[in-house]
Amino acid sequence: MERSLVLVKPDGVQRGLIGEIITRFEHRGLRLVACKFMQVSPELARKHYAVHEGKSFYEGLIQFITSAPVMAMVWAGPDAISAVRQTVGKTRGTEAAPGTIRHDFALQARYNLIHASDSVENAETEIALWFKQEELVEWKRCTEDWMYE
Ligand code: CMP
């Protein structure tokens, strides 16, 4: 069972897409493990996006992610990293496949609505950065008996 850190970014929150995005993951069969609506501090933003430091879009990205609240979540399931990224789509909305969230609701790179972990290792690091251990809820969805082998 893998876990992925998912952020509905400020553009998704401001555009009223939190419910739509959660629904996509719920319908996909993933299990919500943690969720919090929060204002991101510059310190947290810089730690989360440390890998992008020095890139042309870095400062704009920090400004953007701290500009309004985000919905931070952890979703779990078999192959959750791939499943979440597949549902989210490629970074740029115009390159994302039809039916993905970014294709259906975004056009460009910065305002791409969602962050999703790109590997199991990064997911665990990101989850530890955004959530305390006691904020991660252990439970099982009844649908898992009919979806997970
Ligand atoms: P995310 O998956 O959160 O990871 C890094 C983020 O940087 C990305 O989503 C976009 O929001 C943003 N990003 C990536 N490429 C660019 C770009 N060329 N211009 C502006 N923002 C970008």
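None of these values were measured; they are calculated from a predicted model. (Residues numbered from 1 in each chain as written. Predicted model: local features only at pLDDT ≥ 70, side-chain atom pairs only at ≥ 80, totals over all residues. Heavy atoms only, no water.)

## Section: the site of the ligand
Using the following cut-off: Nearness here has a simple test: a residue counts as near a molecule or strand if at least one of its heavy atoms is within 4 Å of that partner. Here a polar contact is taken to be a pair of N or O atoms separated by no more than 3.5 Å, where protein atoms must pair a possible hydrogen donor with a possible acceptor and residues adjacent in sequence count only if both atoms sit in side chains. Surface exposure here means Shrake-Rupley accessible area, sampled with a 1.4 Å probe, where a residue is shielded only by the protein chains that are shown. Here a cavity is any set of points on a 1 Å grid over the protein atoms alone where a 1.4 Å probe fits but cannot get out, and a pocket is any open set with protein on both sides within 12 Å along at least 5 of 7 lines; a residue lines the site when it has an atom within 4 Å of a point. Each molecule is checked against the cavity or pocket grid, and it sits inside if more than half of its atoms lie within 2 Å of the grid points. Three residue categories are used. Nonpolar comprises Ala, Val, Leu, Ile, Met, Phe, Trp, Tyr, Cys and Pro, charged comprises Asp, Glu, Lys and Arg, and polar comprises the others, including Gly.
Taken together, the neighbourhood of the ligand is formed by Lys9, Tyr49, His52, Phe57, Leu61, Arg92, Arg102, Ala109, Arg110, Asn112 and His115. In the environment of the ligand, an oxygen atom lies 2.8 Å from a nitrogen or oxygen atom belonging to the side chain of Lys9. Interatomic distance of 3.3 Å between a backbone N/O atom of Ala109 and an oxygen atom of the ligand. Relative to its free-state accessible area of 460 Å², the ligand is covered by the protein chains to the extent of 79%. More than half of the atoms of the ligand fall within 2 Å of the grid points belonging to the largest pocket. Each residue belonging to the shell around the ligand can be placed in one class, and the counts come to 4 nonpolar, 3 polar and 4 charged.

## Concerning the layout of surface pockets
Heads up, the rule is: Grid points are joined across faces, edges and corners, and a volume is the space filled by probe spheres set on the points. Going along the chain from the N terminus, every DSSP run of H or I of four or more residues is numbered as a helix, and every run of E of two or more is numbered as a strand.
Put simply, the largest pocket is a space of about 780 Å³. Lining the largest pocket are 29 residues, and of these Lys9, Tyr49, His52, Thr91 and His115 sit closest to its centre. Taken together, the elements giving at least two residues each to the lining of the largest pocket come down to α3 (42–48), α5 (80–88), β4 (114–116) and α7 (120–130). Sort the elements by how many residues they give to the lining of the largest pocket and α7 lands first, with 4 residues. Of the residues belonging to the lining of the largest pocket, the class tally is 11 nonpolar, 9 polar and 9 charged.

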